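# Chains, contacts and geometry: an overview
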Amino acid sequence: MNFLEEKILADGKVFEGNVLKVDNFLNHQIDIDVMRQVACEFKRRFKGIQVDKILTIEASGIAIAVMLAAMYDVPVVFAKKSQTVNSVDDKYVSQAYSFTHKKMNNVFVSRPYLSAGENILIVDDFLADGKAANALIDIVEQAGGHVVGVGVAIEKGQQNGGRDLRQRGIKLESLAIIESMDYATQKIIFRNQQ
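Another point: the overall build of the protein. In terms of regular secondary structure, the protein is built from six helices and 10 strands. C-alpha extents for the protein along the principal axes are approximately 50 × 35 × 35 Å. Looking at the protein residue by residue over its 194 residues, the buried ones come to 46%. In the protein, 62% of the contacts between residues at least 6 apart in sequence involve partners at least 24 apart. Here the protein displays about 9,600 Å² of accessible surface, and carbon together with sulfur accounts for 49% of that area.

Structure representation (structure tokens):
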């Protein structure tokens, strides 16, 4: 069992509807030691791969992306989910359905922040059905960049996102893959990744 699986078992809570609540260390309150370990493990798993930028989606992937980008000494770009007054420039746009929020989001990155030929590593906190990852891949492809991999802290292995990305030939590294969760017993079973 790895450090993240241990942390999920110690501090995570299973809610009805196949929801894992880990906001006390991963995506609301940020445990910097856990983030550091996540970033170090991604850096190890993507060793030898040229990375020009780290791409994530707001908001929960940003902490992981920043920690990892500091190790690569590259910029972080995050796709935004909502238009603001100062985001009127030309942009790459895709759509991502949020499993957590149960809604479709238009996500975008302003064109100046992704360029043709760049090697982009995508990271996020969760992978369920893969909609956010696929939207980010689409944005990189629109920009003419190369997706060199996708790293997620927690993959819900009982959903199709991870399987679909792997079948497409995307290098996917998931630090913890959940095979099943049970609300009544609070039991979480992880996939063996040996």
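With respect to the helices, strands and loops of the structure, Glu6 is situated in helix H1 (residues 3-11). In this structure the C-alpha to C-alpha distance between Glu6 and Ala176, which are 170 residues apart in sequence, comes to 9.6 Å.

Moving on to the packing of aromatic side chains. Following the criterion strictly, the structure yields one aromatic pair and no others. Ring centres of Phe42 and Phe46 lie 6.4 Å apart, and the angle between their planes is 50 degrees; this geometry places the pair in the tilted category. On the basis of relative accessibility, which here comes to 1%, the residue Phe46 falls in the buried class. In this structure, Lys43 is placed above the aromatic ring of Tyr72, and the distance from its NZ or CZ to the ring centre is 4.4 Å. Above the plane of the ring of Phe108 lies Lys91, whose end atom (NZ or CZ) is 5.2 Å from the centre.

Where charged atoms of side chains with opposite charge meet at close range, the side chains can pair. Tallying each qualifying case throughout the model produces 13 salt bridges. One salt bridge connects Glu155 with Arg166, and the closest N-O pair in it is separated by 2.9 Å. One end of the pair, Glu155, is in strand E8 (residues 146-156); the other, Arg166, is in helix H6 (residues 161-167), with 11 residues separating them in the sequence. Of the charged contacts, one joins Glu173 and Lys171 as a salt bridge, the two residues approaching to 3.0 Å between their closest N and O atoms. Residue Glu173 is classed as buried on the basis of its relative accessible area, which comes to 17%.

This part covers the side chain of Ser94. For Ser94, the location among the structural elements is in strand E5 (residues 91-98). A residue is classified by how much of its surface remains accessible, and Ser94, at 10% relative accessible area, is buried.

Parameters at a glance
Residues numbered from 1 in each chain as written. Predicted model: local features only at pLDDT ≥ 70, side-chain atom pairs only at ≥ 80, totals over all residues. Heavy atoms only, no water. Helix = DSSP H or I, 4+ residues; strand = E, 2+ residues; numbered from the N terminus. Buried < 20%, exposed > 50% of the residue type's maximum accessible area, 1.4 Å probe, protein only. Contact = heavy atoms within 4.5 Å. Areas by Shrake-Rupley, 256 points an atom, 1.4 Å probe, with all protein chains shown as cover. Phe/Tyr/Trp six-rings, centres within 6.5 Å; stacked < 30°, edge-to-face > 60°. Lys NZ or Arg CZ within 6 Å of the ring centre and 35° of its normal. Salt bridge = Lys/Arg side-chain N within 4 Å of Asp/Glu carboxyl O.

So, to be careful, I would describe these as geometric facts and stop short of saying anything about function.
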